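Geometric and topological summary
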Amino acid sequence: MTLLFILRWYLTLQLFALAGLPLAFAWLRGLPSRGYAVAKGLGILLSGVLLWWGSITHLWDHTTGAAISAAGLLFLIGMGAMRDHWHDVIPWWQKRRAFVLLTEGLFAAAFLAWCAVRATQPHLETAGGEKWMEIAFLNAVLRSPTMPPHDPWLSGFAISYYYLGYLLLGMITRIAAVPATIAFNLGNAAWFALAAAAAYGIVYDMSDGKHPGRSFLAPLLLLVTGNGEGLLEVLHARGLLPAAFWSWLDIRSINTPPSPPFSWVPTRFFWWWQASRTLHDYTPWGVDQEVIDEFPAFSFILGDMHPHLLALPFVLLAIALALNAWKQGVGQVPPAKDNPAGETPTAGNAVPAWLLQLRPWFGYAVVLGALGFLNTWDFPIYWALIVSAAGLHLFRKYSALPPTNATPQTPYSLWGDVIWQLLPEAIVLGVSSIALYLPFWIGLRSQAGGILPNLFNATRLPHFAVMFLPFLVPLLGLILTAARQTQIRWRMLLGWALPILGGLLLLGLIVGLLTGSSYLQALLKGEPIEGMNLQVETVAAALGQRLLNPWTAALLILGCLILAWALFRTPSSPGSDSLGFPMLLAFLGLGLTLVPEFFFLKDVFSTRMNTIFKFYFQAWVLWSLASAWWLAELPEPHRLFTKAAPYVASLLIAAGCVYTFLAIPARAEEHGTLFSFPPDFSTWTLDGAAWLEQIHPDDWAAIQWLNRTITGRPVILEAPADNNAAYTYSGRVSALTGLPTVLGWAGHELQWRGNYDEPLRREQDLERLFTTTNLADTTTLLAQYGVTYIYIGPTEQERYPVEGLKKFGRLFTAVYQNGDVVIYRVSTPRSSSTALTP
């Protein structure tokens, strides 16, 4: 049965590839691959968007038939776009046949390999990740006949989160007819394969198809290579290097002296988790602060289908679009002597030239806006990339034109022309990207609360180097190559770097004062902070320590300046055409890692944890592609860079792979699966909930009964998890059925909605509902929340008094009873409205 599910899933993915291929071929004509490697992602994304648009506007219900129809509609749109491109198909196939076969082989191999990984570690766990929340969202999407889907952990409300990724996963689940708990793991394998194929295609296109073999470095660097923390775990477990080194390095869990027994393989429980917490921040008074620095290999091994991972194949699609814009533009026509305004000929029609010029941006807006719906943090990042790529293309076109007067054109005047033309197009792209998904934005409630300065935590250079170890040599090579080809004036750049560093530090202090930082107020007033006994000396010492650790920020600024200068002067340097886009990727990655050195987005945690998480993850994506290109091309580096650079880079990449090749079996062993040769397939499964049958058999039998029996979205009552008890087994019924419950994981509702008012009220009502023996109060509260089913299982029996639970049996008839689980149906429930509160 498992093999049948895998086959159905694979064929469904190929269905979406067929739906997206015509449009990709016609649209991405600036790429040698014609977008073949991202066609599957394009088909999935745009089919899902069409499905969502139809459902949110009530043109059709959210059904399997509607999903298939959306894919068919996308195919017809693509066939229409192919009208002028059919003559390209046969020549393209004859030239790129090997590429197509390699891409399909890579996709199939990556999909099957990761299916095997997931089969050894399938559990949908309640802790150590977000799987409980993610399966709840997937099941809610599958149960929702319309959009937006209901919030399974806050009945009567819609999901207040970027949920498009769960809609896409649910769409494939419906068509493939796979149970949700299996689809969860198949989706993880599919997203791995989609990202692998897309990364391969992008680097293939960046190299103009010259290195089909070397382009496999892209999926290796993006998905397989880990950071350097895994190698450090090995050295620490083996007892190597002195205690002073581990204390100086100060990575949590390995910042103490190694102790016997020593081994070449780390044995500490959950050791592989630490790689996602390489950076180490402190409060001014010396308490650890959580910092998340995930990278794709960690995320896929963890197995969470969180928005940053769900967005990954479509982030790569946006990068492919940016590469297409860099190669052929987005409809801009550079001015010439006979066309000084850059007007597009209208061939006698009455459509204004400027409107025709903006029209090609619409397709980019559909994909870019979807990124905001998938993982909102990605939207501004890839808006900047696409606009910058289009601007660089336009700059090259302008540079190639003969001057219109005797005065020679300079980069400054050319960039002025580019900005003048590109600015309205960039604004239109941003506005239309949001407008196309306006119903989502209207319903979104966010915890984001502005920008705060990072006053005390500069990223230590050793931590940064460990985090991005596999990319250090290629990035340095790329920067030095750019510096050499554009004849960088180092003294001038250093003269700029220091004032910029000082200016950013000063700006952070100003923002801190304007935002009312309690730390700065304590420093200025000489008063302790209430509840912390934080003295002025403590704040001053922490601030001084931060100022004495500027090295990571200084190097990032210097790298940004070199690449910015090189991009600014790209057309004037011979052979720099192929270098431009990798430089742009590297520059954007440097900028993303620079921002958290000075600022972070305020959220319920009030630290830079999430800012580092989101920005570093995207920096990894960008740098993996730029590094793969540099290693594939190996352009002549700066004279200080020796011929040994590729070999050193290979060693560092191998060091990064240590993490992945040890973490996969370690993760499997935590699930009770031992890696052996030949493997013991009897312990393998893709059903993420199979473990419940062993540990919570009564719950699992009842949940299966609910999924077989209950249709629609009736509200079910179960024990909630309060704000102080997140990541628990509570919320299991709603999570595994998609039925809305009065309250699930309250702490997550706080994160999604930015306030705790509604969860707090419900916590109090639920405590009364489960403990009271007053029958009138019970029926009133049940009616207030529209409860249809009451679930009493082991969790409820352990938490609440017996008399409080027995009253439900006196009031209502049991519709299910098995072992320690009984389910009551409320005899006169209030009808649950289909209109949900945002």
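First, a word on what this report is: a plain description of the structure on this page. (Residues numbered from 1 in each chain as written. Predicted model: local features only at pLDDT ≥ 70, side-chain atom pairs only at ≥ 80, totals over all residues. Heavy atoms only, no water.)

Regarding the overall build of the chain
Looking only at helices and strands, one finds 35 helices and 8 strands in the chain. When the 838 residues of the chain are sorted by exposure, 58% land in the buried category. Sequence separation of 24 or more characterises 79% of the internal contacts of the chain that already satisfy a separation of 6 or more. Accessible surface for the chain amounts to roughly 32700 Å². Of this, 64% is attributable to carbon and sulfur atoms. (Helix = DSSP H or I, 4+ residues; strand = E, 2+ residues; numbered from the N terminus. Buried < 20%, exposed > 50% of the residue type's maximum accessible area, 1.4 Å probe, protein only. Contact = heavy atoms within 4.5 Å. Areas by Shrake-Rupley, 256 points an atom, 1.4 Å probe, with all protein chains shown as cover.)

With respect to the nonpolar core
Considering soluble globular proteins, one finds that nonpolar side chains tend to be buried as a cluster. In this structure, W9, L45, L186, W191, I319, Y382 and F581 are the most contacted members of the largest nonpolar core, which totals 229 residues. Ignoring any residue separated from it by four or fewer positions in sequence, one finds W9 in contact with F111, L169, I172, T173, A176, V178, A183, L186, G187 and A190. (Core = buried A, V, L, I, M, F, W, Y, C linked by side-chain atoms within 4.5 Å.)

Looking at the sheet that holds strand β8 (residues 821-825)
With mixed pairing, 4 strands are arranged side by side in an open sheet as β5-β6-β8-β7. One side of each edge strand has no neighbouring strand; the edge strands of this open sheet are β5 (715-717) and β7 (813-818). Each strand of the sheet is rotated relative to its neighbour by a mean of 20°, with strand direction disregarded. Relative to β8, β7 runs antiparallel, the two sharing 5 bridges. Pairing of N818 across the sheet is with V821, part of β8. Lying on the sheet, helix α35 (residues 802-811) is in contact with β5, β6 (787-792) and β8; it crosses β6 at an angle near 130°. (Pairing = 2+ DSSP bridges. Axes fitted to C-alpha atoms, helices over the stretch in contact; angles between N-to-C directions.)

A short note on the side chain of H211
Residue placement: H211 occurs in the loop between α7 (180-206) and α8 (217-224). For H211, a relative accessible area of 16% gives the class buried.

Let's talk about the packing of α7 against helix α26 (residues 609-633)
Here α7 crosses α26 at 50°, and the two axes come no closer than 10 Å. The angle between α7 and α26 falls in the class oblique. Here α7 runs over α26; the crossing is right-handed. Together, A199, I202, V203 and M206 of α7 and L625, A628 and W629 of α26 make up the contact between the two elements. Taken together, the residues of the contact of α7 with α26 sort by class into 7 nonpolar, no polar and no charged. (Parallel < 35°, antiparallel > 145°, perpendicular 65-115°, else oblique. Left-handed = near helix turned anticlockwise from the far one by under 90°. Nonpolar A, V, L, I, M, F, W, Y, C, P; charged D, E, K, R; others polar.)

Some remarks on the pairing of β8
The buried count for β8 comes to 4 of 5 residues, which makes it a mostly enclosed element. The pairing of β6 with β8 spans 4 bridges and is classified as antiparallel. Bridge pairing in β8 links Y789 to R825. Counting the residues between successive antiparallel strands, the hairpin from β7 to β8 contains 2 residues, one of them, G819, with a positive phi of roughly 60°.

Quick notes on the pattern of salt bridges
Should the charged atoms of two oppositely charged side chains come close, the side chains can pair. Applying the stated criterion across every chain, the model contains 23 salt bridges. Measuring nitrogen to oxygen at the nearest pair gives 3.2 Å for the salt bridge that ties D304 to K131. Here D304 is found in the loop between α11 (296-302) and α12 (307-310), whereas its partner K131 is found in helix α5 (residues 131-143), with 173 residues between them in sequence. Here the salt bridges share partners, and the residues they tie into one network are E125, K131, D304, R667 and E670. (Salt bridge = Lys/Arg side-chain N within 4 Å of Asp/Glu carboxyl O.)

Quick notes on the packing of aromatic side chains
Evaluation of the coordinates by the stated rule reveals 58 aromatic pairs. Positioned over the ring face of F107 is K40, at 4.6 Å from the centre of the ring. Note that R460 overlies the ring of W248, its terminal NZ or CZ placed 5.3 Å from the centroid. (Phe/Tyr/Trp six-rings, centres within 6.5 Å; stacked < 30°, edge-to-face > 60°. Lys NZ or Arg CZ within 6 Å of the ring centre and 35° of its normal.)

Side note on empty space enclosed by the protein
Taken as a whole, this structure holds 4 cavities of 30 Å³ or more when the rule is applied. Forming the boundary of the second largest cavity are L31, S33, G35, Y36, A37, V38, A198, G201, I202, D205 and A320. Among the elements that take part in the lining of the second largest cavity, α7 stands out by supplying 4 residues, more than any other. Along the lines of polarity and charge, the residues of the lining of the second largest cavity split into 7 nonpolar, 3 polar and 1 charged. (1 Å grid on protein atoms, 1.4 Å probe; cavity = no way out; pocket = protein on both sides within 12 Å on 5 of 7 lines; lining within 4 Å. Points joined across faces, edges and corners; volume = space filled by probe spheres on them.)

Looking at the environment of V428
Secondary-structure assignment places V428 in helix α17 (residues 411-435). For V428 and A365, which are 63 residues apart along the polypeptide, the C-alpha to C-alpha distance reads 8.7 Å.

A look at the environment of W248
By secondary structure assignment, the location of W248 is in helix α10 (residues 243-249). Among the residues examined, W248 registers a relative accessible area of 47% and is labelled partly exposed. In this structure, the C-alpha to C-alpha distance between W248 and P462, residues 214 residues apart in sequence, is 9.6 Å. With near-sequence residues (within four places) excluded, W248 lies in contact with R460 and P462.

Some points on the packing of helix α20 (residues 472-485) against helix α27 (residues 645-670)
Across the interface, α20 lies against α27 with an axial gap of 8 Å and an inter-helix angle of 145°. Where α20 approaches α27, its residues L472, V473 and P474 are matched on the opposing element by A645, V648, A649 and L652. For the contact of α20 with α27, the per-class residue count stands at 7 nonpolar, no polar and no charged.

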